[in-house]
Amino acid sequence: MKNIMSDFKFTKKDFILYLLARIEPRRADLVCLNKLAFFTEFYFKYKTGKDLSDSNYAAIDYGPVIDHYRDYLTEMEVKGLVKLSEYKISLCSTVDLNVPEEIQNLIDPIIEKYTQLNNSELISLSHDTDSYKITTDNEKVMGNMIDKNLALLETFFDYDESPEYSENELDELLPDVDLKDLKKKAHALAGK
């Protein structure tokens, strides 16, 4: 996956539209959109080494957000593309963005995965990323831009690709353990 040949890159506006088209309307709000953008962008960067969009991400108290996202959403509302209602966002029209299939095939599963999480889970998970922790100095400094190259540290993205093992394979990988023997060994090591 490291060598997707396309030179495709979303604009901020098109990236937001693409994501909103994939978020269940009742879930479409500022938190979900921003976290989904961050995870999708950083997953893509992790897998390909390329930027997915021209978005930059600021590290704030609630986790990563698209820098100046409110300005972009307000501009998009004026153009009739979205409707804002406090923190909720509605997509007003569909737009054909001509996203290459190879890119859709890579990012759509990650979008699907993270849209299943509630906002608290999304915030918590985003706070646990190395790129957020490094940028905020473990949540001591807010407002800095997150370097997209830090996406390469996010090895948790590989957990999505863990091999599936059959029951027989698991039996071979995980030996039987006698709890009594473990307790005896632990006591022996502790000098009891």
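It should be noted that the structure appears before, not after, this text.
What you see is a predicted model, and the numbers here were worked out from it, not measured in a lab.

**Q** What am I meant to see in the packing of helix α1 (residues 12–20) against helix α2 (residues 30–48) here?
**A** The axes of two packed helices give the description: the angle between them and the distance between them. Contact geometry for α1 and α2: axes closest at 10 Å, N-to-C directions at 105°. Classed by the angle they form, the pair α1 and α2 counts as roughly perpendicular. Counted together, F15, I16, L19 and L20 of α1 and L33, L36, A37, T40 and E41 of α2 form the full contact between these two elements. Residue composition of the contact of α1 with α2, grouped by class: 7 nonpolar, 1 polar and 1 charged.

**Q** Help me understand the sheet that holds strand β5 (residues 145–146), please; the structure alone is not making it clear to me.
**A** Strand pairing in a sheet relies on backbone hydrogen bonds, with the paired strands running either antiparallel or parallel. An order of β2-β1-β5 is seen for the 3 strands of this open sheet, with the pairing classed as antiparallel. Where the open sheet ends on each side, the last strands, each with one partner, are β2 (63–66) and β5.

**Q** Could you clarify how one ought to interpret the nonpolar core in this entry?
**A** Across soluble globular proteins, nonpolar side chains have a tendency to be buried as a group. F10, L20, Y57, L73, I107 and F157 are the most contacted members of the largest nonpolar core, which totals 45 residues. Every element with two or more residues in this core is listed here: α1, α2, β1 (57–60), β2, α3 (69–78) and α4 (101–115). Here this core takes 11 residues from α2, the largest share from any one element. Here Y57 is in contact with F15, A37, F38, E41, F42, V65, I66, D67, N144, M145, I146 and K148, once residues within four sequence places are set aside.

Rules of the game
- Residues numbered from 1 in each chain as written.
- Predicted model: local features only at pLDDT ≥ 70, side-chain atom pairs only at ≥ 80, totals over all residues.
- Heavy atoms only, no water.
- Axes fitted to C-alpha atoms, helices over the stretch in contact; angles between N-to-C directions.
- Helix = DSSP H or I, 4+ residues; strand = E, 2+ residues; numbered from the N terminus.
- Parallel < 35°, antiparallel > 145°, perpendicular 65-115°, else oblique.
- Contact = heavy atoms within 4.5 Å.
- Nonpolar A, V, L, I, M, F, W, Y, C, P; charged D, E, K, R; others polar.
- Pairing = 2+ DSSP bridges.
- Core = buried A, V, L, I, M, F, W, Y, C linked by side-chain atoms within 4.5 Å.
- Buried < 20%, exposed > 50% of the residue type's maximum accessible area, 1.4 Å probe, protein only.

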